[in-house]
Amino acid sequence: MNVKPIALLLLVCLVLLTACEERKKLSTVSTSDVASDVPVSKSSIPESSTPNVTESSIPESSTPDVTESSTLESSVPNVTKPTVSASSNSDTPLQDAAPLTFRGETVTSIYSLDLDDRMYYLLTDRQLKETALTLLEDYDSPEYNQDRIRVGFLIFTDKTKYPLYLYKNPNGYNKDEEELLELADICNQQPKGYMQWIAYMSTENIVEARFVGQGGGRYTHNPEATSHNEFALTLNTNDLESIRKISNYIKDMAVVSVDDIVTGAENFYGFGSDPGIYDLWLTYKNGVVYYLHGSGSQIVFHDAHEQIFFTLQDDDAHKGLRDLIASLPETKVISGN
């Protein structure tokens with residue numbers, strides 16, 4: 001029997017078998033390698049490898065809110081709104097604004113004169129005050145002449161007072177004078193004013209004050225007062241504090257109209273038959289005497305030249321003055337029941 005062909009056949013079979021085994025191994029390795037690159041589920045993916053891109057997780061700097069306001073805020077500087085100056089606002093009270101000045105002095109009050117009614121009107125509007133001060137700063141005023149005055153202004157400062165007048169002029173007025181006329185017309189439309197010469201007076205020039213008046217009952221604000229005592233008061237330069245209190249009070253007594261103007265002392269009405277509520281005399285350094293008579297709704301002013309009957313804005317102003325006088329330490333009871 002020939003052995004070689006059989007041995008050769010067995011060798012070929014062994015080689016083929018070995019080759020099949022190796023091929024099978026290679027196939028198994030290839031399949032496992034590919035399978036390892038495919039994720040099994042989303043939960044098996046590390047969070048750090050695929051960040052959650054919800055809207056809240058996006059940095060504000062990378063996707064800004066593009067509304068109009070946020071866009072403007074990010075594109076322009078944050079500018080603080082300027083504060084409106086109190087001096088430009090006419091509704092701002094004077095004490096909250098920069099002080100007004102006139103000829104280098106601090107202004108305390110400004111009045112406009114209505115000579116026909118013998119009344120001064122207080123300027124309270126900031127813009128009107130500034131206009132008046134600007135127009136009058138360099139104004140060269142004539143002297144007081146009652147027959148010639150068209151309009152007037154009175155400026156009190158922390159140093160003195162400035163009475164300023166504009167005469168009637170048949171030849172017309174310049175631009176500044178026209179503005180003064182318009183300003184006075186506006187100021188004098190107010191519903192209340194102040195007695196011309198009482199508003200004008202300077203308290204520091206009063207050297208004597210004398211008062212005689214009824215007290216108690218309907219003459220006082222004090223509900224407990226029942227007597228009708230008559231009080232008398234005489235003050236001089238040793239009693240400046242009491243003089244100042246009286247002066248300040250009567251300066252604030254507002255009037256709404258003038259009822260009569262009597263000129264010439266020989267024509268003055270007497271008040272013998274009208275005891276009224278009080279009589280008050282004020283004497284000044286230059287010898288001038290102002291006299292006030294209070295009765296009913298009227299207060300009567302007179303000096304050496306005129307007697308002027310005003311209607312008070314408030315009748316109770318009489319009672320207030322009487323109560324003030326009664327409270328002063330210098331006041332005496334001269335009669336009573």
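Residues numbered from 1 in each chain as written. Predicted model: local features only at pLDDT ≥ 70, side-chain atom pairs only at ≥ 80, totals over all residues. Heavy atoms only, no water.

Asks: I would appreciate a short explanation of the nonpolar core in the present structure.
Replies: Here is a general trend for soluble globular proteins: nonpolar side chains tend to be buried in one another's company. Of all hydrophobic cores here, the largest spans 47 residues; its most connected members are I250, I299, F301 and F310. Ignoring anything within four residues of it in the chain, the contact list for F310 reads D117, R118, M119, M195, V255, S257, V258, D259, S297, Q298, I299 and F301. I110, A132, L166 and C187 belong to the second-largest nonpolar core, a separate cluster that totals 22 residues. (Core = buried A, V, L, I, M, F, W, Y, C linked by side-chain atoms within 4.5 Å. Buried < 20%, exposed > 50% of the residue type's maximum accessible area, 1.4 Å probe, protein only. Contact = heavy atoms within 4.5 Å.)

Asks: Sorry if this is basic, but what is going on with the confidence of the model for the chain here?
Replies: Detail in the predicted coordinates should be disregarded across regions flagged by low pLDDT. Taken as a whole, the chain shows an average pLDDT of 77; of its residues, 65% reach a score of 70 or greater. Counting interchain partners and residues more than four positions distant, the pLDDT-below-50 stretch residues 26-94 has 20 contacts. (pLDDT = per-residue confidence, 0-100.)

Asks: Honestly, the pattern of salt bridges in this entry has me stumped. Any pointers?
Replies: Oppositely charged side chains are able to pair whenever their charged atoms sit close together. Taken as a whole, this structure holds 5 salt bridges when the rule is applied. Between R118 and E306 there is a salt bridge; the shortest N-O distance is 2.6 Å. Of this pair, R118 sits in the loop between β2 (105-114) and β3 (119-122) while E306 is found in strand β13 (residues 306-312), placing the two residues 188 residues apart along the sequence. Accessibility expressed as a relative area gives 6% for E306, which makes it buried. (Salt bridge = Lys/Arg side-chain N within 4 Å of Asp/Glu carboxyl O. Helix = DSSP H or I, 4+ residues; strand = E, 2+ residues; numbered from the N terminus.)

Asks: Is there a simple way to think about the side chain of T311 in this case?
Replies: Relative to the helices and strands, T311 is located in strand β13. Not counting residues up to four positions away in its chain, the partners in contact with T311 are V255, V256, S257, D259 and S297.

Asks: Hey, could you run me through unusual backbone geometry in this one?
Replies: Trans peptide bonds make up most of the peptide bonds, and negative phi angles are found at most residues other than glycine. Here R103, not a glycine, exhibits a phi torsion of approximately 55 degrees, which is positive. Take R103: it is sitting in the loop between β1 (101-102) and β2. The class for R103 is partly exposed, based on a relative accessible area of 34%. Despite not being glycine, R118 shows a phi value in the positive range, around 55 degrees.

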